[in-house]
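Inside the fold
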Amino acid sequence: MIELKNVTCRFGTSVAVDRISLTIETGEVCVLVGSSGCGKSTTLRMVNRLLPLSAGEILVDGENITTMNPEQLRLNMGYVIQGTGLFPHWTVARNVAMVPELLKWPRQRIDERVQELLTLLGLDPAIHAEKYPQQLSGGQAQRVGVARALAADPNILLMDEPFGALDAITRENLQLEMLRIQRQVRKTTVFVTHDIDEALKLATRIAVMDQGRIIQHDTPENILRRPASDFVESLVGKQDRGLKLMSLRRVGDLMQRYPQAAIPEPGEEGVQEDDSLRLALSVMLWQDSGELPVFNGDGAKTGVVTRERIFQAGA
Ligand SMILES: Nc1ncnc2c1ncn2[C@@H]1O[C@H](COP(=O)(O)OP(=O)(O)OP(=O)(O)O)[C@@H](O)[C@H]1O
Ligand SMILES: [Mg+2]
């Protein structure tokens, strides 16, 4: 668990972070969202002690971070820097291996881990492992940054706009990948973005920041349903909220299930239990149909979802 209590950060006379208090439970994904310059990166950098606090305190698992050794603290916190922060004179493999090397893992274990992570992030190790950062595209470099943060399996992940420079499709893939990893390993994560859709998709709770303060700290659903101010309301997009709420809800939670899973007809199209209601509705509109078959992860047909039911459930 990470606790920020009345934390302030000043640069000279200007206040970048202004008395914020925030509790991030173990296993949670807390997303800091807000406009440029509102203090998101500064907040992250105080958590791993790259910046000193001007006032207040930060506790990790109940322990005040100022009493901890900063190097030890950081070894347990994977950090993805805004704009990658890879070492230019190190190969991709060496960049990813940085923390395991510091932790003196055996060579073979490090090599296996590097291969595993590059593959996980969609970078073929045979092609990319021996490249230098300047030989990568912006999106590839960002993925190496994420691989590096995950390398030593830290308990805490701090991610500062990790998918910022990616095209929409790669970004979506990495978001899905992150949700999948998160379901498996549940790392306590503080994730910074200025993209509210990314925040809604990834967060267990969102902290909306403005001018160094936290305006609202709540679940994605509550941020959409009960924005605490006009600022939050304009951030989530007032008229867009209905669809955004639908994108938070899974088909699997609303579908009518068959007593027994069936084998799909050849070529039968439908949606997955894990897809959002928004996606299901979109497919129905496109196919001009009132209902769709639903498949589980193994491809078995487990039930149907109907347009009527989606509208009944409403926003
Ligand atoms: N090292 C520094 N020295 C002086 N001022 C700084 C320093 N770092 C940040 N600031 C200021 O603190 C404020 C918050 O900056 P921060 O980097 O936390 O914003 P951010 O929310 O991450 O913005 P962005 O979305 O653009 O990355 C800004 O006004 C910035 O100019
Ligand atoms: Mg920033």
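Keep in mind that what you see is a predicted model, and the values were worked out from it rather than measured.

A few points about the domain arrangement of the protein
With domains assigned, the protein is organised as domain 1 (2-240) and domain 2 (249-313). Placing the centre of domain 1 and that of domain 2 at their C-alpha centroids yields a distance of 34 Å.

Topic: the side chain of R148
Considering the arrangement of structural elements, one finds R148 in helix α7 (residues 138-150). The buried charged residue R148 lacks any salt bridge, with D160 as its nearest oppositely charged partner at 12 Å.

Points about the site of ligand 1
What surrounds ligand 1 is the set F11, A16, S35, S36, G37, C38, G39, K40, S41, T42, Q82 and E161. Within the backbone of C38, a nitrogen or oxygen atom sits 3.3 Å from an oxygen atom of ligand 1. Measuring from an oxygen atom of ligand 1, one finds a side-chain N or O atom of K40 at 2.8 Å. Relative to its free-state accessible area of 640 Å², ligand 1 is covered by the protein chains to the extent of 60%. Per-element tally for the shell around ligand 1: the top contributor is helix α1 (residues 40-47), with three residues. Classifying every residue of the shell around ligand 1 by side-chain character gives three nonpolar, seven polar and two charged.

Things to note about the sheet that holds strand β12 (residues 271-272)
Read from one edge to the other, the open sheet built from four strands follows the order β11-β14-β13-β12, with strand pairing classed as mixed. Edge strands, defined here as strands with exactly one partner in the open sheet, are β11 (256-262) and β12. Bridge count for strand β13 (residues 291-295) against strand β14 (residues 301-306) is five bridges, and the pairing is antiparallel. Opposite E291, over in β14, you have T306 as the bridge partner. In the packing of helix α13 (residues 277-287) onto the sheet, the strands contacted are β12, β13 and β14, and the crossing angle to β13 comes to about 130°.

Some points on the sheet that holds strand β7 (residues 156-160)
Strand order in this open sheet of six strands is β6-β7-β8-β3-β9-β10, and the pairing throughout is mixed. Every other strand in the sheet has two partners, leaving β6 (77-80) and β10 (213-218) as the edge strands with one partner each. Here the average twist between neighbouring strands, direction ignored, is 15°. Where strand β3 (residues 29-33) meets strand β9 (residues 205-210), four bridges bridge the pair, whose relative direction is parallel. Opposite V33, over in β9, you have V208 as the bridge partner. Sitting on the sheet, helix α8 (residues 168-185) is in contact with β3, β7 and β8 (188-193), with an inclination near 160° to β8.

Considerations on α13
By the burial criterion, the buried members of α13 are L277, A280, L281 and M284. Taken around the axis of α13, the buried residues stretch over an arc of 100°, which confines them to a single face. Check the buried side of α13 and you find it contacts α12 (241-248), β12, β13, β14 and α14 (307-313). Phi turns positive, to about 50°, at D288, one or two residues after α13.

Some details on the environment of G270
Tracing the backbone through its elements, the reader meets G270 in the loop between β11 and β12. Owing to a relative accessible area of 29%, G270 belongs among the partly exposed residues under this scheme. Leave out the neighbours within four places in its chain, and G270 touches P293 and F295.

Examining the packing of aromatic side chains
Evaluated as defined, the whole model comprises two aromatic pairs. Seen from their ring centres, F87 and W90 are 4.7 Å apart, and the 50° between their planes marks the pair as tilted. Of the residues examined, W90 reaches a relative accessible area of 23% and is grouped as partly exposed. Here F163 and F191 contribute two aromatic rings whose centre-to-centre distance is 5.7 Å and whose plane-to-plane angle is 55°, an arrangement assigned as tilted. In this pair, F163 is assigned in the loop between β7 and α8 and F191 in strand β8, connecting sequence segments 28 residues apart. Residue classification places F163 among the buried residues on the basis of a relative accessible area of 2%.

Reading the values: the criteria
Residues numbered from 1 in each chain as written. Chains lettered and ligands numbered in written order. Predicted model: local features only at pLDDT ≥ 70, side-chain atom pairs only at ≥ 80, totals over all residues. Heavy atoms only, no water. Domains from an automatic or database assignment. Helix = DSSP H or I, 4+ residues; strand = E, 2+ residues; numbered from the N terminus. Buried < 20%, exposed > 50% of the residue type's maximum accessible area, 1.4 Å probe, protein only. Lys, Arg positive; Asp, Glu negative; His and termini not counted. Salt bridge = Lys/Arg side-chain N within 4 Å of Asp/Glu carboxyl O. Near = heavy atom within 4 Å. Polar contact = N/O pair within 3.5 Å; in protein donor to acceptor, adjacent residues only side chain to side chain. Areas by Shrake-Rupley, 256 points an atom, 1.4 Å probe, with all protein chains shown as cover. Nonpolar A, V, L, I, M, F, W, Y, C, P; charged D, E, K, R; others polar. Pairing = 2+ DSSP bridges. Contact = heavy atoms within 4.5 Å. Axes fitted to C-alpha atoms, helices over the stretch in contact; angles between N-to-C directions. Arc of directions from axis to C-beta. Phe/Tyr/Trp six-rings, centres within 6.5 Å; stacked < 30°, edge-to-face > 60°.

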